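# Descriptive structure summary
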Amino acid sequence: VYHYRLYGDEVGEVWSSANLGSSFVMTGNEDSAWYYISRAHELSQYYQIPSMEEMVAEKLHMYYTSKKDWPNALKFLEIQIQLKDSLSDVQSQKQALKQKLEYDNDIKTAELEAKQQADRDRDEQRLWFAGIVAGLLVVFLIIVYNRLRVARKQKSTIEKQKDEIE
């Protein structure tokens, strides 16, 4: 137990004290059992570690049950149940928060994917529009070129006829 304190391991100190006390209860050494379990109880309240407080309450319930001290056994059984319920509530809250964060992340991911798809669609539309405009421009230039060619041909023909007449 002492080496846990040296290394600053509060959980290890509480856990080992409680389990040593539990072992002494099973062997019938009540003085040592009381020392270690009460020490674990003090440490768990000092460090305020709910899971350790629940375990120590269980060990105190076991200790008082072995001594047939029913009022204290009931008291620590109720404390153990209350702590277990509060730990369960905390775990439920953590799980609910985790699910909410995952849901929010899924929504953000879906929104990002939808935005990216919309950007790709818009880019594709712009490409089609540019292609159509370029195609129409080529058709227009071909028509203008043909008209100029026909006009030159006609001008040339008219000049030839004019030269023949003169």
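Scroll up to find the structure.
Heads up: these notes are all about the structure in this document. (Residues numbered from 1 in each chain as written. Predicted model: local features only at pLDDT ≥ 70, side-chain atom pairs only at ≥ 80, totals over all residues. Heavy atoms only, no water.)

Once that is clear, we can look at the overall build of the protein. Counting secondary structure elements, the protein contains five helices and zero strands. Starting at the N terminus and walking to the C terminus, you meet the elements of the protein as α-α-α-α-α. For the protein, the C-alpha radius of gyration of 45 Å lies well beyond 15 Å, the compact-globule estimate for 166 residues. Taking the principal axes of its C-alpha atoms as reference, the protein extends roughly 145 × 35 × 25 Å. Evaluated residue by residue, the protein yields a buried proportion of 18% over its 166 residues. The contacts in the protein between residues at least 6 apart in sequence include a share of 48% that link residues at least 24 apart. (Helix = DSSP H or I, 4+ residues; strand = E, 2+ residues; numbered from the N terminus. Rg over C-alpha atoms; globule rule 2.2 N^0.38 Å. Buried < 20%, exposed > 50% of the residue type's maximum accessible area, 1.4 Å probe, protein only. Contact = heavy atoms within 4.5 Å.)

A few words on a negative patch on the surface. Residues Glu159, Asp163, Glu164 and Glu166 make up a contiguous surface patch of negative charge. Owing to a relative accessible area of 66%, Glu164 belongs among the exposed residues under this scheme. (Patch = residues over 30% accessible without salt bridge, like charges linked within 9 Å, V, L, I, M, F, W, Y side chains within 5 Å. Areas by Shrake-Rupley, 256 points an atom, 1.4 Å probe, with all protein chains shown as cover. Salt bridge = Lys/Arg side-chain N within 4 Å of Asp/Glu carboxyl O. Lys, Arg positive; Asp, Glu negative; His and termini not counted. Charge placed at Lys NZ, Arg CZ, Asp CG, Glu CD.)

A word on the packing of aromatic side chains. All chains considered together, the criterion is met by seven aromatic pairs. Taking 5.7 Å as the distance between ring centres and 15 degrees as the angle between the ring planes, the aromatic pair formed by Phe24 and Tyr36 counts as stacked. A residue pair is termed long-range when its members are at least 10 positions apart, and Phe24 in helix H2 (residues 10-27) and Tyr36 in helix H3 (residues 30-47) qualify at 12 residues. According to the relative accessible area criterion, Tyr36 is partly exposed, its value standing at 22%. (Phe/Tyr/Trp six-rings, centres within 6.5 Å; stacked < 30°, edge-to-face > 60°.)

What follows deals with the packing of H2 against helix H4 (residues 50-66). Interaxial distance between H2 and H4 falls to 10 Å at its minimum, and their mutual angle equals 15 degrees. The orientation of H2 relative to H4 falls into the category roughly parallel. The handedness of the crossing between H2 and H4 comes out as left-handed. Residues Val11, Val14, Trp15, Ala18, Asn19, Ser22 and Val25 of H2 touch H4, and the partners they reach there are Met52, Met55, Val56, Lys59, Met62, Tyr63 and Ser66. Each residue belonging to the contact of H2 with H4 can be placed in one class, and the counts come to 10 nonpolar, three polar and one charged. (Axes fitted to C-alpha atoms, helices over the stretch in contact; angles between N-to-C directions. Parallel < 35°, antiparallel > 145°, perpendicular 65-115°, else oblique. Left-handed = near helix turned anticlockwise from the far one by under 90°. Nonpolar A, V, L, I, M, F, W, Y, C, P; charged D, E, K, R; others polar.)

Turning our attention to the nonpolar core. Counting residues in each nonpolar core, the largest one holds 17 residues, and the members touching the most others are Val14, Val56, Leu60, Tyr63 and Tyr64. Considering every element that reaches this core, the biggest residue donor is H4, with seven residues. (Core = buried A, V, L, I, M, F, W, Y, C linked by side-chain atoms within 4.5 Å.)

Within the element layout of this structure, Lys155 appears in helix H5 (residues 70-165). In this structure the C-alpha to C-alpha distance between Lys155 and Glu54, which are 101 residues apart in sequence, comes to 108 Å.

The contact between H4 and H5 brings their axes to 8 Å, and the two run at 160 degrees. One finds that H4 runs roughly antiparallel with respect to H5. For the crossing formed where H4 meets H5, the hand is left-handed. Of the residues in H5, those touching H4 at Pro50, Ser51, Glu53, Glu54, Ala57, Glu58, Leu60, His61, Tyr64 and Thr65 are Trp70, Asn72, Ala73, Phe76, Leu77, Ile79, Gln80, Leu83, Lys84 and Leu87. The class makeup of the residues in the contact of H4 with H5 is 11 nonpolar, five polar and four charged.

For the coordinates displayed, the defined rule picks out four salt bridges. In this structure, the salt-bridge partner of Lys84 is Glu54, at a minimum N-O distance of 4.0 Å. A residue pair is termed long-range when its members are at least 10 positions apart, and Lys84 in helix H5 and Glu54 in helix H4 qualify at 30 residues. A relative accessible area of 13% means that Glu54 is categorised as buried.

Shape is all these values report; function is a separate question.
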